[in-house]
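Tertiary structure, described
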Amino acid sequence: MTGRELQGRLMGHDVYCASNFDILPLNPNVNVHNPPHPVEAHLLALVSSHLRGGNFLFAYGWDLTRRLQAQWKSQQQAAHKAFWEMADDRFFWNRFLQTKLIEANANQDLSKFILPIMYGTFIHGRHIQLCLISRRSRFRAGTRYFRRGIDKEANVANFNETEQLLLVENSDTLDSKHICSDQYAHELSFVQIRGSVPVFWAEVNTLRYKPDLQVMDLQETADVMKKHLQGLISIYGNQYLVNLVNQKGYEKPVKDAYERHVTELNMPNVRYEYFDFHNECKNMRWDRISILTDTLNGDLEKEG
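Below you will find a few notes about this structure. The structure displayed is predicted, hence computed values, not measured ones.

So, on to the packing of helix 5 (residues 221–236) against helix 6 (residues 252–265). Angle between the axes and distance between the axes are the two parameters that describe a pair of packed helices. Where helix 5 contacts helix 6, the axes come no closer than 10 Å and their chain directions differ by 75°. The angle between the axes of helix 5 and helix 6 places the two elements in the roughly perpendicular class. The residues of helix 6 that touch helix 5, namely those facing Thr221, Ala222, Met225, Lys226 and Leu229, are Tyr258, His261, Val262 and Leu265. A per-class count over the contact of helix 5 with helix 6 returns 6 nonpolar, 2 polar and 1 charged.

This is how it looks when you write it as structure tokens:
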């Protein structure tokens, strides 16, 4: 990373987006701008396009990879650890690039050279500061159709954690350009997560417009789903699963497999709720999403 752009401030810390990158060859005799093989040129172009088209965010004094609740709970632990050691591994996108520094850190303190970078979004305001942070997991990431379902390590495709932060400034700091975390009257955080349906399924791409959908009825599906849900419970607490998959037609096999395994597991900290989004909200009736929120209202109030 060779460039950065200031995106705003959060908790008194500047938040930056990486704006420029250099790709360095392992072989010093190779020119990355004119590689010797056309396949290498194509692959380098893909990497360059991904870097410049992505939204890679970082801050030097605030951990963007972790939601506010997690940082609040681990204040004492964080006081005795390096900044990068507390980062959420799922959203630490440049961790592989930092591997050598992390391994060498055991022999000498290289912490100031290890900076977690996350992939996502950052939207913010002032006075009543509303921030929206979306964190995309580096595990089982991929594009639509090519990456679906769960893997044997219990990672689901394209997992995202979205945090809405509402920070209310004290009346005596309204005109201040630099506000620290202890100068807010209120700090509120609401977190939602999403991911692919946690069963083994895939969409096999063919020459047809719509790929073939396949649900693999594997023996380990229940155990892997249970491991996935237990992991979410350990991180976030009680789980409220909202399924918006179409209940008929092309998507129905995924819905049926999901519901069957959730019912069989019958986990006490998990509530499953199906919402027929395609039918209830057809013809742009987005207001009818209130049917779902009304159904979950008691659980939302219980969680605060």
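Let's pick the thread back up.
Before going further, it helps to spend a moment on the pattern of salt bridges. A full pass over the atoms with the stated rule returns 19 salt bridges. A salt bridge links Arg285 to Asp287; its shortest N-O distance comes to 2.9 Å. Given the relative accessible area of 46%, Asp287 is considered partly exposed.

Direction of pairing for strand 3 (residues 56–58) relative to strand 4 (residues 118–123): antiparallel, over a ladder of 2 bridges. Among the inter-strand pairings, Leu57 is bridged to a residue of strand 4, identified as Met118. As paired strands, strand 4 and strand 5 (residues 128–136) are joined by 4 bridges and run antiparallel to one another. The residue of strand 5 that forms the bridge with Gly120 is Arg135.

Looking at the secondary structure, you find His33 in the loop between strand 2 (13–20) and helix 1 (38–53). Counting along the chain gives 256 residues from His33 to Ile289, while the straight-line C-alpha distance between them is 51 Å.

Another aspect to go through is unusual backbone geometry. We note that Asn266 has phi near 50°; this positive angle belongs to a residue other than glycine. When you line up the elements, Asn266 lands in the loop between helix 6 and strand 11 (270–274). The exposure class assigned to Asn266 is exposed, which follows from its relative accessible area of 61%. Phi is positive for Asn283, which is not a glycine, with a value near 60°. As for its position among the elements, Asn283 is in the loop between helix 7 (277–280) and helix 8 (290–302). Judged by its relative accessible area of 68%, Asn283 is exposed.

The rules behind each value
Residues numbered from 1 in each chain as written. Predicted model: local features only at pLDDT ≥ 70, side-chain atom pairs only at ≥ 80, totals over all residues. Heavy atoms only, no water. Axes fitted to C-alpha atoms, helices over the stretch in contact; angles between N-to-C directions. Helix = DSSP H or I, 4+ residues; strand = E, 2+ residues; numbered from the N terminus. Parallel < 35°, antiparallel > 145°, perpendicular 65-115°, else oblique. Contact = heavy atoms within 4.5 Å. Nonpolar A, V, L, I, M, F, W, Y, C, P; charged D, E, K, R; others polar. Salt bridge = Lys/Arg side-chain N within 4 Å of Asp/Glu carboxyl O. Buried < 20%, exposed > 50% of the residue type's maximum accessible area, 1.4 Å probe, protein only. Pairing = 2+ DSSP bridges.

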